[in-house]
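Structural characterization, general
These are the residues of each chain, in order.
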Amino acid sequence: MTSLKNVLEEIVVVEAQAQLKQISQPMREAINLSEVAAFALNRLPVLYASTSRGWLQQRKRAHSELKNQVTNAVQQALLGIKRDPLRKSTKLAASKVETPAHVLSRLQKLFSKLSLQWQDVPQAFQETLNLVSHSQDYVGLSINDRHRLQDIKGYLQRKNPQQSSDRASDRDWQYQADLPNPELNSYIISASYFLVNVLEDLAIREVKNQLTYMANVLPRKVGVDDVCAYVLNRLPAMYATSEQGVIWQTQKAKEQLSSQIESTVIQSLMTLGKTPRRLADPIPLFKFEEECEKAINELRMIFQRDDITWKNIASLAEYAINNEKQGISNWRQQWRMLGQIYSEMYLKPGDADLSLAYNDDGEVLIVKAHTKQAFGWLADNPKNLGISTLRLFPAVAEIELYGFFLDFSVSYTREEMAADGII
């Protein structure tokens with residue numbers, strides 16, 4: 001998790017959304033919000049922050065000094081995007097730009113709770129599973145209507161004259177829950193677009209590289225996020241929204257800005273290394289990342305699966321909900337058994353994720369490794385993986401192992417299992 005953000009991203013997106021509302025529906029549908037934002041951001045100063053105080057200062061500066069510039073940049077972006085409506089490009093892979101905010105936005109819609117926060121996800125998940133199960137009270141109702149019916153039942157149960165103080169407390173809590181949350185709103189707005197400033201990755205790499213050489217000469221330890229914010233605020237914005245755009249912008253940055261990035265990083269380290277260290281909170285949005293981590297840990301314990309991550313929780317939730325809707329309850333047992341295989345392979349939480357698929361030969365165990373270490377361990381121990389798998393899923397015909405750095409899978413077939421003597 002990093003506490004680093006260009007505050008202008010949200011401000012530009014909000015302005016773009018406001019201007020898009022003023023044009024016709026057909027034209028609006030032809031415009032990509034992420035492309036508009038990237039176009040505008042590449043023509044504006046950058047205002048990165050790494051602390052809560054810096055976040056507030058940069059936002060204040062943006063609203064007081066850059067309001068007209070932002071408006072004009074978005075107007076130019078809308079005109080610029082319209083000029084070439086037929087251009088083709090490959091969207092950025094979700095794995096490169098998707099954030100916990102994007103996933104929370106998906107879960108809000110899936111659970112029909114538009115003010116859902118990460119800390120409430122475990123409870124909301126279980127409540128939704130209960131609501132979509134084949135209960136006679138909820139037959140034929142959407143998830144949203146089922147939530148409303150449950151709220152009404154809860155209200156009627158609380159409506160007891162002997163519990164007036166509890167009623168008041170409930171009303172106060174409900175009022176607080178319904179209040180707008182500016183920080184949550186900012187967090188969710190970041191899920192409405194997919195773009196990346198290629199200089200962020202280049203700056204982070206250079207900072208970590210220089211820290212290894214300068215660690216012994218710096219007067220005090222400095223944070224990577226603080227250094228990156230200092231560096232990025234002295235470099236131009238280089239946003240991209242497509243694979244081709246990232247390649248082009250990265251190449252351009254390496255050719256034109258490599259020396260400037262290196263010298264600015266060294267200057268930043270020397271400057272911040274001499275500055276007295278102050279206790280500072282991370283940017284406000286960072287707390288949602290911490291809540292996300294806690295929620296994922298809780299979900300792992302609830303469903304006994306250490307392969308649950310923020311990247312796969314939305315897909316897993318959709319799978320579970322669809323099974324409950326169809327009255328299929330054995331998915332819970334299947335999840336526990338997949339979790340047991342994961343545990344028996346000594347994988348750490350988040351190292352990989354497991355799932356069952358089907359082909360013409362039968363069941364297939366899909367293992368996607370998220371680290372090279374996990375991939376190497378699994379690839380070197382197919383027999384152990386096969387033993388654990390066949391003990392719990394005796395009908396499995398094949399195990400397919402994928403690595404994030406490979407475009408093909410490594411298979412362990414039933415014939416190979418038989419040759420190894422585990423069948």
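Described in the following lines is the structure provided in the data block. Given the structure is predicted, the values throughout are model-derived calculations rather than measurements.

The helix and strand tally for the protein chain stands at 20 helices and 8 strands. Every one of the 423 residues in the protein chain was classed for burial, and the buried ones make up 44%.

Below, the discussion takes up the side chain of E206. The residue E206 is located in helix α12 (residues 198-214) in this model. The side chain of E206 sits in the buried core without any salt bridge; R205 is the nearest counter-charge, 9.2 Å away. Not counting chain neighbours up to four residues away, the residues in contact with E206 comprise I261, E262 and V265.

Where helix α7 (residues 100-110) contacts helix α11 (residues 182-189), the axes come no closer than 8 Å and their chain directions differ by 100°. Relative to α11, the element α7 is oriented roughly perpendicular. Counted together, P100, A101, L104, S105 and Q108 of α7 and L184, Y187 and I188 of α11 form the full contact between these two elements. For the contact of α7 with α11, the per-class residue count stands at 6 nonpolar, 2 polar and no charged.

Now for the layout of surface pockets. Here the largest pocket is characterised by a volume of approximately 1700 Å³. Looking at the largest pocket, it is lined by 48 residues, and the ones nearest its centre are T2, K96, E98, T99 and E200. Counting residues per element, the ones that place at least two in the lining of the largest pocket are β1 (5-6), α6 (94-97), α7, β3 (196-197), α12, α13 (224-232), α14 (243-274) and α15 (286-303). Here the residues of the lining of the largest pocket sort into 24 nonpolar, 10 polar and 14 charged.

This part takes up the nonpolar core. One finds L107, F111, W118 and F125 to be the most contacted residues of the largest nonpolar core, which totals 93 residues. The contacts of W118, once residues within four sequence positions are left out, are P100, V103, L104, L107, Y187, F288, E291, C292, A295, I296, W310 and I313. Counting residues in each nonpolar core, the second largest holds 25 residues, with M337, I341, M345 and Y412 among its members.

What follows concerns unusual backbone geometry. Phi is positive for S112, which is not a glycine, with a value near 55°. By relative accessible area, which is 24% here, S112 ends up partly exposed. Non-glycine residue Y346 carries a positive phi angle of around 60°.

Before going further, it helps to spend a moment on the environment of I399. Among the secondary structure elements, I399 is positioned in strand β7 (residues 396-403). Between the C-alpha atom of I399 and that of V367, which follows or precedes it by 32 residues, the distance is 7.5 Å. Not counting the four nearest positions on each side in its chain, I399 is found in contact with L365, V367, L385, G386, T389, V410, S411, Y412 and M417.

In this section: the environment of K252. With respect to the secondary-structure elements, K252 resides in helix α14. Residue K252 is classed as partly exposed on the basis of its relative accessible area, which comes to 30%. In the structure, K252 is positioned 14 residues away from M238 in sequence and 9.3 Å away in space, judged by C-alpha atoms.

Glancing now at helix α19 (residues 382-392). Taken together, the buried positions of α19 are L385, G386, S388, T389, L390 and L392. Buried residues along α19 sit in contact with α17 (331-344), β6 (362-369), α18 (372-380), β7, β8 (409-413) and α20 (414-419).

Calculation notes
Residues numbered from 1 in each chain as written. Predicted model: local features only at pLDDT ≥ 70, side-chain atom pairs only at ≥ 80, totals over all residues. Heavy atoms only, no water. Helix = DSSP H or I, 4+ residues; strand = E, 2+ residues; numbered from the N terminus. Buried < 20%, exposed > 50% of the residue type's maximum accessible area, 1.4 Å probe, protein only. Lys, Arg positive; Asp, Glu negative; His and termini not counted. Salt bridge = Lys/Arg side-chain N within 4 Å of Asp/Glu carboxyl O. Contact = heavy atoms within 4.5 Å. Axes fitted to C-alpha atoms, helices over the stretch in contact; angles between N-to-C directions. Parallel < 35°, antiparallel > 145°, perpendicular 65-115°, else oblique. Nonpolar A, V, L, I, M, F, W, Y, C, P; charged D, E, K, R; others polar. 1 Å grid on protein atoms, 1.4 Å probe; cavity = no way out; pocket = protein on both sides within 12 Å on 5 of 7 lines; lining within 4 Å. Points joined across faces, edges and corners; volume = space filled by probe spheres on them. Core = buried A, V, L, I, M, F, W, Y, C linked by side-chain atoms within 4.5 Å.

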